[in-house]
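# Coordinate analysis (summary)
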Amino acid sequence: MGHHKVKRNEFRLENGAKVSIEYWVNATKIYVAAFDTAGHQISRAAYHADVEDAAELSPELQESLVGSLANALEYELINHPELSIRSR
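Summary of the structure given here. (Residues numbered from 1 in each chain as written. Predicted model: local features only at pLDDT ≥ 70, side-chain atom pairs only at ≥ 80, totals over all residues. Heavy atoms only, no water.)

### Considering the pattern of salt bridges
- Under the defined criterion, the tally for this structure stands at 3 salt bridges.
- Residue Lys5 pairs with Glu22 through a salt bridge whose shortest N-O separation is 3.8 Å. Here Lys5, found in the segment before strand S1 (6–12), pairs with Glu22, found in strand S2 (residues 18–25); they are 17 residues apart in sequence, far enough to count as distant.
- Classification of Lys5 as partly exposed rests on a relative accessible area of 29%.
- One salt-bridge network, held together by shared partners, links Lys7, Glu10 and Lys18. (Salt bridge = Lys/Arg side-chain N within 4 Å of Asp/Glu carboxyl O. Helix = DSSP H or I, 4+ residues; strand = E, 2+ residues; numbered from the N terminus. Buried < 20%, exposed > 50% of the residue type's maximum accessible area, 1.4 Å probe, protein only.)

Now the structure itself:
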């Protein structure tokens, strides 16, 4: 999948691993996932939201959706790592 990822924030998991939450956008969809320092996706899933019409995806709505998705993903990574983090 070709997309330009934007780093939203970084934090450390309980085991000390550094994680970054990144997002990317296409015309009607926003995706959020967690990545390790090597750039590999570590979250089992990419969270996403979509709107029906690209014109609806204003910068304000995009920021709100990214924040909501990122907060939910970060919560799951911290509180349920056994369910949320890909095993190697």
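### A few points about the nonpolar core
- Membership of the largest hydrophobic core comes to 17 residues, with the highest contact counts inside it found for Phe11, Val19, Ile21, Val32, Ala34, Leu73 and Leu77.
- Of all the secondary structure elements, the ones that give two or more residues to this core are S2, strand S3 (29–35) and helix H1 (59–79).
- Tallying contributions element by element places H1 first for this core, with 5 residues.
- Those residues in contact with Leu77 that lie beyond four places of it in its chain are Phe11, Leu13, Val19, Ile21, Ala34, Ser84 and Ile85. (Core = buried A, V, L, I, M, F, W, Y, C linked by side-chain atoms within 4.5 Å. Contact = heavy atoms within 4.5 Å.)

### A few points about the sheet that holds strand S4 (residues 47–50)
- In space, the 4 strands of this open sheet follow the order S1-S2-S3-S4, with antiparallel pairing throughout. The outermost strands of the open sheet, each flanked by one partner alone, are S1 and S4. Sheet twist, expressed as the average angle between the axes of neighbouring strands with direction ignored, equals 15°.
- Both S3 and S4 contribute to a ladder of 4 bridges, which runs antiparallel. Residue pairing across strands places Tyr31 opposite His48, the latter belonging to S4.
- Here H1 sits on the sheet and contacts S1, S2, S3 and S4; the angle it forms with S3, its principal contact strand, is near 30°. (Pairing = 2+ DSSP bridges. Axes fitted to C-alpha atoms, helices over the stretch in contact; angles between N-to-C directions.)

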